[in-house]
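Single-letter residue listing:
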Amino acid sequence: MEVYIAIDFGTAFTGYCFKFSESKQVRQPKWGEEYGLNTPKTPTCILFDEDENFLKFGYDAVMTYTRQTRKNEAKKLFLFDNFKMELFGKELHRDFMMTAKNGKEMRAMKVFSESLKFMKVHALDMIGKHTAGVTYSASDATWVLTVPAIWSAAAKQFMREAATEAGLVTESEPERLIVALEPEAASVWCKQLPKEGFMEGDLTEAETIEQVPGTQYMVVDCGGGTIDITVHEVVEGGRLKELHRVSGNNMGGQTVDKNFKAFIREIFSENVFDEFEENHPSELQRLLYDFSICKRYDGEVLVQCPYSLQQIASKVDDIEAYFSRDNDVDWESGQILLSGAKLKDLHEDSVRGIESLMKEILKKPTLNIRYIFLVGGFALSPYVNRFVKEKFGSKCQVLCPVDAQMAVVNGAVMFGMMPNVVESRISVFTYGIAVVHFFDKIKHKGKSKYVSKDGVHYCDVCFHCLVKKDESVPFDEAEQYIFNALEIEQNEMLFSFYCTEKETAEFVDEEGMMKIGSLAVSMPKISQGRNHSVILEIKFGFTEMQATATDVDSGETTSVKMDFMSK
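Since this is a predicted model, take the numbers as computed values, not measurements.

The rules we used
Residue positions are counted from 1 within each chain, in the order its sequence is given. Owing to the predicted nature of the model, reporting of local features is limited to residues with pLDDT of at least 70; listing and counting of side-chain atom pairs is limited to 80 or more, with chain, interface and lining totals taken over all residues. Note that the side-chain values use all heavy atoms of the structure and ignore hydrogens as well as water. Under the scheme used here, helices are H or I runs from DSSP no shorter than 4 residues and strands are E runs no shorter than 2 residues, and both carry numbers assigned from the N terminus. Within these notes, the globule rule equals 2.2 Å times the number of residues to the 0.38 power, and the radius of gyration is based on C-alpha atoms. The buried label goes to any residue with under 20% of its type's maximum accessible area, the exposed label to any with over 50%, and the partly exposed label to all in between, with areas taken from a 1.4 Å probe on protein chains only. Any pair of residues with heavy atoms lying within 4.5 Å of one another is described as a contacting pair. Working definition of accessibility: Shrake-Rupley area with a 1.4 Å probe, residue cover restricted to the visible protein chains. Here, any two strands with at least 2 DSSP bridges between them count as paired. We define a polar contact as two N or O atoms separated by no more than 3.5 Å, with the added condition that, inside protein, one atom must be a possible hydrogen donor and the other a possible acceptor, whereas residues neighbouring each other in sequence contribute only through side-chain atom pairs.

Trainee: I'd like a rundown of the overall build of the protein, residues and numbers included.
Mentor: What the protein contains, in helices and strands, is 13 helices and 30 strands. Against the globule reference of 24 Å for 567 residues, the protein gives a C-alpha radius of gyration of 26 Å, in line with a compact fold. Evaluated residue by residue, the protein yields a buried proportion of 54% over its 567 residues. Taking as baseline every contact in the protein between residues at least 6 positions apart, the subset at least 24 positions apart corresponds to 69%. Here the protein displays about 24,900 Å² of accessible surface, and carbon together with sulfur accounts for 47% of that area.

Laid out in structure tokens, this is it:
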């Protein structure tokens, strides 16, 4: 029996679920029961010892670290939390380093792969409990790994390589790992939910949205790190087509946590807070974790003030004095009392970030969006939920699934079973490759020149467009490009990939052009010299770009590895 396992590797929390192909039930574990908790996800937090050996993940990592009361013990350990966003907006390579709480560095690939390895082992153990007498190994499963839609091709590749290093899949069977885009996975989940699957309990005249072709809706995935938005239309058979290129920003729930930390520093003064942060890192970790839970509540909230912070502050001034300067915060016998107004204020950056993204899409006259689905853990914040309903509720019906924080991972399992559910996607950029043309003194004036061994002059910075920005690309459509060898004895062709926000471009050295990757095509038969042709086919319509090369003479087709990382 085929099993599908989806991992939602989140900024703040990580979870997984699994489904057997012949079963309707999607199963997932409960986390934190040994600590009196019962949550569908566990904190994205990993702990290594001083020799960089894996120790704990999730609640176990948080609790083990926060119990290290002695400063020197905590400083020896490598703790990473909220580290997913390290892959956002950066030039990535395989030896990219990340800084732990103790200020020391470790290879990011190791941090990510050990996290995924933990989830893999946990999932296979749990599946074993549901299949008496049958043991499943990683190679028996189809794995689905979710990533933000706004991530670069390099970040997606980084996660795929981390999953391979973690043993989810092997290099010889890459198709056993499907990379799913988070808002798309949530969309797949929401479209099949009955009306009682939403908090509002009010949907449409139909039982589910997927039963009404032509229905247009927006999915706003509010995660810990990113806000990710996609717009879909239901087509025949319950499949989907994308109507607007995915958009997003890094203004998720973590932004509220950062604002809270800055506010506490302001209350206690920089000197007091910096001493606390330097000497009691595990207690700061606990303070921020306690606050992150408060985002689910409306009105005033109490956050336990760490004892060591109280001690450091008391040496400088009476503890009540720190709170006398701000009407939105109070001291209440060892706890910090935040007013509802202050909690709302800490959300302001995030909700404005959400608003600007949604406004940009909703002003498009060609769209007729009927529903807005709010998903993700941060969507459960009453401030986010209320804001979106007040701002956009008159234009569209705003709905939040009952299990909003599980919409992505539940939908990812369904996506894994039907990867072609999204029939077409809108290209975020104009994509193409660098090619050479015979050098034209007028057209190529001032441009870079390549001279072949037998003296032929070429312009080597020409841009061949494969897909234009905002173009709708079917998931199974391949763009073709036929190329010939430049040199008589050439046995390999290297391609450089570029993207730009401009719809039209001629040269790869134009302003706004970004080199995003490369691929190599081997050409073993060199007897034909320059007449040797190879057809390069690239698919842009899936969640990851895929390429194949066909030798025109032999008819032999091979898949080509596209490399989007800098080294």
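Trainee: So what's going on with the pairing of strand β20 (residues 430-438)? Residues and values would help.
Mentor: In the case of a regular strand, side chains alternate between the two sheet surfaces. The pairing of β20 with strand β25 (residues 492-500) spans 4 bridges and is classified as antiparallel. Bridge pairing in β25 links Ile433 to Phe497. Bridge count between β20 and strand β22 (residues 457-467): 7 bridges; the pairing is antiparallel. From the neighbouring strand, Val435 faces β22, where its bridge partner is Cys462.

Trainee: I'd love a proper account of the environment of Ala341, names of residues and values included.
Mentor: Structurally, Ala341 can be placed in helix α11 (residues 340-362). The class for Ala341 is partly exposed, based on a relative accessible area of 48%. Between the C-alpha atom of Ala341 and that of Glu300, which follows or precedes it by 41 residues, the distance is 7.9 Å.

Trainee: Explain the side chain of Lys84 to me, using residue names and the numbers behind them.
Mentor: Tracing the backbone through its elements, the reader meets Lys84 in the loop between β6 (78-81) and β7 (97-99). Within the local environment of Lys84, its side chain forms a polar contact with the side chain of Glu182, the two groups lying 2.7 Å apart.

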